[in-house]
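So the chains spell out like this:
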Amino acid sequence: MLNKIRQIVKAIWNILRFLKKNYSVAYKSQEVLNIVRTTNNQQPNLNFLNERLLLTGDAVVFNIKTLGYEYARSLREQLTIPSNLSPQKINLQSKACQQMDIESDWFFYWCQEMKIPVLYHRKLWEFCYILQALYEYDLLTPGRKGLGFGCGEEPLPSILANYDIAITATDLDPTASAAQGWIETKQNMSTVEKIFRPELCTKELFIKNVSLKYVDMNAIPTYLEGKYDFCWSACALEHLGSIKNGLLFIENSLKTLVPGGISIQTTEFNYLEEEETIDNNGTVLFRKKDFEQIAKKLTAAGHQVAPLNFNIGSRVLDRFIDLPPYDSKIHELGQEAHLKLLVDRFASTSFGMIIRKAV
């Protein structure tokens, strides 16, 4: 099935590249091809490319998204969520986001703890994955110390503070974040109050346990080294400028931990390509071989990496690739089928890694 998906994606991409190459001049010439929807007289501007491809593309995309989102909605309505949920150890691996995770009791439990409805959304999967990893390593106990990288306005600092864990939440300095558009999209933590979730933690526990530091993930300051029982980031390290920088961050994150501490990182996984990917860009996409490379390096240094599992799943929503725009006004927020998606024309999903620092 994976080979068939790969063949279909490549076929579509080859068609688009052919059209771009052969009609790029035509796009610029009103005499050769006019791609506006109406003529000067406000009559339909019909020709083969306009009617069959260019001006119907948006409608095709919205139709595909609607079908996928509606299927996800029907699946959610059929879910049976037990009323007596409790945390459970499942021998969590370093793995890709899958539909079966969303439909599992461990995922239900952490959604319940975060007071978020169960959604087929990879961002929610990342939060649940991180919490599950912390539970598996017995780190959700009072007195622990945790360090979050690129926290933005995520709920994890609040829920971890509720366990009476001391959390240092970090983010890029607001000036640098504004330049990169993170504040505008509410993905930057300009003040510590921004991440307080009163439904997850009392104000008293939050003030006691959560502090804010501005940190460049490409230059982790030495004052953070050797202090924490665990550290995490949720889809932040793909924004460090290159694949090389992202892998180096994973390695350097271990410096902040005490011996035996746990580093949990989620990031982008380009799961259909072995070689071609996005690198040296605002968002980079990691391949299977990139995760294997860093795992091999860390293991050789004496660290333990949870087994790598690159299975992307075989259920319907594992094969549905969401398409931009992702902020569509047509579809209701929270109704997405957003486990796999196109990032710069590459199919991507979330991948989580768990590393235990050498003792």
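Residues numbered from 1 in each chain as written. Predicted model: local features only at pLDDT ≥ 70, side-chain atom pairs only at ≥ 80, totals over all residues. Heavy atoms only, no water.

**Student:** Sorry, what's going on with the packing of aromatic side chains here?
**Tutor:** Pairs of aromatic rings are described using the distance from one ring centre to the other and the angle between the two planes. As enumerated under the stated definition, the model contains 15 aromatic pairs in all. Ring centres of Tyr109 and Trp110 lie 4.8 Å apart, and the angle between their planes is 80°; on these two criteria the pair is classed as edge-to-face. Note on Tyr109: relative accessible area 9%, which makes it buried. Between Phe149 and Phe249, the ring centres sit 4.9 Å apart and the planes meet at 85°, which makes this aromatic pair edge-to-face. In this pair, Phe149 is assigned in strand E2 (residues 145-149) and Phe249 in helix H10 (residues 243-253), connecting sequence segments 100 residues apart. Looking at Phe149, the relative accessible area reads 0%, which means it is buried. Among the residues examined, Phe249 registers a relative accessible area of 1% and is labelled buried. Three or more aromatic residues joined by ring pairs make a cluster, and in this case those are Phe269, Tyr271, Phe286, Phe291, Phe310 and Phe351. (Phe/Tyr/Trp six-rings, centres within 6.5 Å; stacked < 30°, edge-to-face > 60°. Buried < 20%, exposed > 50% of the residue type's maximum accessible area, 1.4 Å probe, protein only. Helix = DSSP H or I, 4+ residues; strand = E, 2+ residues; numbered from the N terminus.)

**Student:** Explain the environment of Val359 here, please?
**Tutor:** Of note, Val359 is situated in the segment after strand E11 (346-356). What makes Val359 exposed here is its relative accessible area of 89%. In the structure, Val359 is positioned 57 residues away from Gly302 in sequence and 8.4 Å away in space, judged by C-alpha atoms. When sequence neighbours within four positions are dropped, the list of residues in contact with Val359 reads Pro259 and Gly260. (Contact = heavy atoms within 4.5 Å.)

**Student:** I would appreciate a short explanation of the side chain of Thr277 in the present structure.
**Tutor:** As for its position among the elements, Thr277 is in the loop between strand E6 (257-270) and helix H11 (288-300). Within polar-contact distance, the side chain of Thr277 engages the side chain of Asn270 at 3.1 Å. (Polar contact = N/O pair within 3.5 Å; in protein donor to acceptor, adjacent residues only side chain to side chain.)

**Student:** How do you make sense of the pairing of strand E5 (residues 228-234) when you look at a structure like this?
**Tutor:** Note on strand geometry: in a regular strand, side chains alternate between the two faces of the sheet. With 7 of 7 residues buried, E5 lies mostly within the body of the structure. Two strands pair when backbone bridges link them, and E2 and E5 are joined in this way by 4 bridges, in the parallel orientation. Residue pairing for E5: Gly148 is matched across the bridge by Trp232. Each parallel crossover has a hand, and the one from E5 via H10 to E6 is right-handed. (Pairing = 2+ DSSP bridges. Right-handed = clockwise from strand over helix to strand, strands pointing away.)

**Student:** Hey, could you run me through H11 in this one?
**Tutor:** Structurally, the α-helix is built with 3.6 residues per turn, so residues lying three or four positions apart point the same way. The end-to-end C-alpha distance of H11, which contains 13 residues, comes to 18 Å, matching closely the 18 Å that a straight helix rising 1.5 Å per residue would cover. Within H11 the residues assigned to the buried category are Asp290, Phe291, Ile294, Ala295 and Leu298. Each buried residue of H11 sits inside an arc of 130° when the element is viewed along its axis, so together they form one side. Exposed residues lying more than 90 degrees from the buried face of H11 are Gln293, Lys296 and Ala300. (Expected span 1.5 Å × (residues − 1). Arc of directions from axis to C-beta.)

**Student:** So what exactly am I meant to see when it comes to H10 here?
**Tutor:** For H10, the set of buried residues is Ile243, Gly246, Leu247, Phe249, Ile250 and Ser253. Within H10, the buried residues cover an arc of 150° as seen down the axis, which keeps them to one side. Next to the buried residues of H10 lie E2, E5, E6, H11 and E11.

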